[in-house]
Amino acid sequence: MAPTTGVAGGHVERMLERYRGLALGALLDDVPDGGPRYLYELVAEYPRRWGKGLRAALCLATCRAFGGGDAVGLNAAVTVELFHNAFLIHDDIQDESEQRRGGRTLHAEYGVGVALNVGNMTNLLALRRLAANRAALGSGIAWRLFTETELMMRHSLEGQAIEIGWIRDNVCDLDADDYYRMCLKKTSWYTCIYPCRTGILVATGRENAVDVLDRYGWYLGAAFQIQDDALNLTGDYARYGKEIAGDLWEGKRTLILIDFMRRCTPEERERLVRLLSRTRAERTDAEVRWLHGRLLAYDCVESARRSARDLALAARREGERALGAAADTEDGRFLLELTDYVVERAR
C-alpha cells in the first residue's frame, strides 16, 4: 500500500484538514460561553487538541459523494464529533487512561466527577445539534437521524460492555472472531458506519440507501482499530499522543494480545493470566515490559497489521462497488484512499 506521505496520502491529509476545520469551527461556535466553572470550557478541551477528524470527514465526504453539500451535512458531522469526544472522556475514565491527544486526560487533570459531567454535557450538545436537523432538513429526515443515532449508540455501548466485561472477568479464551465482533460494535459503527449512513441520508433523503457503505465502514473501522492497537505498542508518543503500551496496562484484549494467548507457551500463558488478573494499579513496569517484549518476539504486532491490510483492501473493494461513478469524484477518491491511510498512519 502507498504510504501516507505519497500523493494519495497528501490528498487524504488535506481533505481531513479541510473537513476537520469545517466541523471543528461549527462545533466550537456551538459551545455556550460562560456558565459554571469546569463545564463548557472543558467541553472544548479535547476538540481543541489535535485530532484526525475522521468521523466528520467521513460524514461530509459521503454526503458530497452522494450529491449533497457541506451545509447539508454539517449538523450530522458535528453531531458525530461531539458524540466521539464524549465517548473519549468516558472511555478514558473506564480505562483509567492517563494521556489523550498529547495531554493529560480530563479525569487525570480535573477528577472523575468533573470529567463525567463534561462528557454528559458533550452528549447533550450532540443531541441538541441532532435536533437542529428538524428545521434544516424537515421532520422526516430528522427523525430518521435520531433512529440512526440510537442504533449507533446501542451498538457502541454493547461493544464497550463486551470489552470491559472481558477485562473485569479476566477472560482469556478468546479468538479473532470474538475480537472482530467486539470491534464491529465498539469501533466500526460509530467511527465509520454511522458517519457514512448519516451522510448518505442527509444527501439523498432516501432511507433505503443508507446501508450501501456498511461493509466499507465495517472493514475500514476494523482496520483502523487494529492499526491503533499496533501504534499503542510501537508508535512514537510525540505523534501518537497517547501513552505507549497503555492497552497492556489496561488489560485490553486486542487482536495482538489474543494472537499471543493462542501461540504462547503454557508457562507464558500462566504468567499472562496472572498479570491480567490484577488491576492496572497492581501491575508493575517489569510485568508490562515483559508482555510488551513477548508480543514483539512472537511477531504478533506485524501479524495483526497484515490482517489490517487485508481488511483495508476489502474496504476499498466494497467502497468501489458502492460508490460506482462517484468513485471518480474528489470525495469518492478520498473515501477510497482512506483505506490506505488508516493502516499506514503513524498517529
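Note that the coordinates shown come from a computational prediction; the quantities given were computed from them, not determined experimentally. (Residues numbered from 1 in each chain as written. Predicted model: local features only at pLDDT ≥ 70, side-chain atom pairs only at ≥ 80, totals over all residues. Heavy atoms only, no water.)

Undergrad: It is not clear to me how the overall build of the chain should be interpreted in this structure. Could you clarify?
TA: Helix and strand counts for the chain come out as 18 helices and two strands. At 20 Å, the chain has a C-alpha radius of gyration in line with the 20 Å of a compact globule built from 347 residues. Residues classed as buried in the chain amount to 58% of the 347 residues present. Contacts spanning at least 24 positions in sequence make up 76% of the contacts within the chain whose residues lie at least 6 apart. Only carbon and sulfur atoms are counted for the fraction: they give 50% of the accessible area of the chain, which is about 14500 Å². For the chain, the distance from the average position of its 47 positive side-chain charges to the average position of its 51 negative side-chain charges is 1 Å. (Helix = DSSP H or I, 4+ residues; strand = E, 2+ residues; numbered from the N terminus. Rg over C-alpha atoms; globule rule 2.2 N^0.38 Å. Buried < 20%, exposed > 50% of the residue type's maximum accessible area, 1.4 Å probe, protein only. Contact = heavy atoms within 4.5 Å. Areas by Shrake-Rupley, 256 points an atom, 1.4 Å probe, with all protein chains shown as cover. Lys, Arg positive; Asp, Glu negative; His and termini not counted. Charge placed at Lys NZ, Arg CZ, Asp CG, Glu CD.)

Undergrad: Explain the packing of helix α4 (residues 54-65) against helix α10 (residues 176-204) here, please?
TA: The angle between the axes and the distance between the axes are what describe a pair of packed helices. In the contact formed by α4 and α10, the axes pass within 7 Å of each other and the chain directions differ by 30°. On the basis of the axis angle, α4 is roughly parallel to α10. Here α4 runs over α10; the crossing is right-handed. Between α4, through Leu54, Arg55, Leu58, Cys59, Thr62 and Cys63, and α10, the contact on the second element is made entirely by Tyr190, Thr191, Cys192, Pro195, Cys196, Thr198, Gly199, Ile200, Val202 and Ala203. Its residues placed into classes, the contact of α4 with α10 shows 11 nonpolar, four polar and one charged. (Axes fitted to C-alpha atoms, helices over the stretch in contact; angles between N-to-C directions. Parallel < 35°, antiparallel > 145°, perpendicular 65-115°, else oblique. Left-handed = near helix turned anticlockwise from the far one by under 90°. Nonpolar A, V, L, I, M, F, W, Y, C, P; charged D, E, K, R; others polar.)

Undergrad: Any chance you could explain the confidence of the model for the chain here in plain terms?
TA: In the predicted model, the chain carries a mean pLDDT of 94, and 97% of its residues have values of at least 70. Segment residues 1-5 is flagged for pLDDT under 50; beyond a separation of four residues in sequence, or across chains, it makes 16 contacts in the model. (pLDDT = per-residue confidence, 0-100.)

Undergrad: How do you make sense of the environment of Met15 when you look at a structure like this?
TA: For Met15, the position within the fold is in helix α1 (residues 7-30). In this structure the C-alpha to C-alpha distance between Met15 and Leu335, which are 320 residues apart in sequence, comes to 9.9 Å. Contacts of Met15, omitting those with residues within four sequence positions, involve Glu330, Asp331 and Phe334.

Undergrad: Just checking my understanding: could you explain the nonpolar core for this structure?
TA: The nonpolar side chains of a soluble globular protein tend to be buried, and buried together. Leu58, Tyr216, Leu291 and Phe334 are the most contacted members of the largest nonpolar core, which has 107 residues in total. Element by element, the count of residues in this core is highest for α10, at 11 residues. Leu291 has contacts with Leu248, Leu257, Phe260, Leu272 and Leu275, leaving out every residue within four places of it along the chain. (Core = buried A, V, L, I, M, F, W, Y, C linked by side-chain atoms within 4.5 Å.)

Undergrad: I would appreciate a short explanation of the pattern of salt bridges in the present structure.
TA: Pairs may arise between side chains of opposite charge once their charged atoms sit close together. Per the stated rule, a full pass over the model turns up 31 salt bridges. For Asp30, the salt bridge is made with Arg128, and the minimal N-O distance between the two is 3.5 Å. Residue Asp30 is found in helix α1, and its partner Arg128 is found in helix α7 (residues 112-131); the two are separated by 98 residues along the sequence. Taking the relative accessible area as the measure of exposure, Arg128 reaches 42% and is therefore partly exposed. Residues participating in the shared-partner salt-bridge network are Asp95, Glu98, Glu250, Lys252 and Arg280. (Salt bridge = Lys/Arg side-chain N within 4 Å of Asp/Glu carboxyl O.)

Undergrad: Explain helix α11 (residues 214-234) to me, please; I cannot follow it from the model alone.
TA: Every α-helix winds through 3.6 residues per turn, so residues three or four apart in the chain are directed the same way. Between its terminal C-alpha atoms α11 stretches 30 Å, which fits the 30 Å expected from 21 residues at 1.5 Å a residue. Of all 21 residues in α11, 18 are buried, a share of seventy percent or more. (Expected span 1.5 Å × (residues − 1).)

Undergrad: Would you take a moment to explain the packing of aromatic side chains for this structure?
TA: Each aromatic ring pair is summarised here by two numbers: the centre-to-centre distance and the angle between the ring planes. On inspection of all chains with the given rule, the structure shows nine aromatic pairs. For the ring pair Tyr38 and Tyr110, a centre distance of 6.0 Å and an interplane angle of 55° mean the geometry is tilted. Taken together, the positions of Tyr38 in the loop between α1 and α2 (40-43) and Tyr110 in helix α6 (residues 106-110) put the pair 72 residues apart, joining distant regions of the chain. Residues Phe260 and Tyr298 carry aromatic rings whose centres are separated by 5.2 Å and whose planes lie at 80° to one another, so their mutual orientation is edge-to-face. Placement of Phe260 in helix α14 (residues 255-263) and of Tyr298 in the loop between α16 (285-297) and α17 (300-323) is noted, with a sequence separation of 38 residues between them. Tyr298 matches Phe260 in its accessibility class, with the two residues each being buried. (Phe/Tyr/Trp six-rings, centres within 6.5 Å; stacked < 30°, edge-to-face > 60°.)

Undergrad: Looking at this structure, how should I read the environment of Trp249?
TA: Looking at the element boundaries, Trp249 is found in helix α13 (residues 246-250). Given the relative accessible area of 17%, Trp249 is considered buried. If sequence neighbours within four positions are ignored, Trp249 has contacts with Arg280, Arg283, Thr284, Asp285 and Val288.

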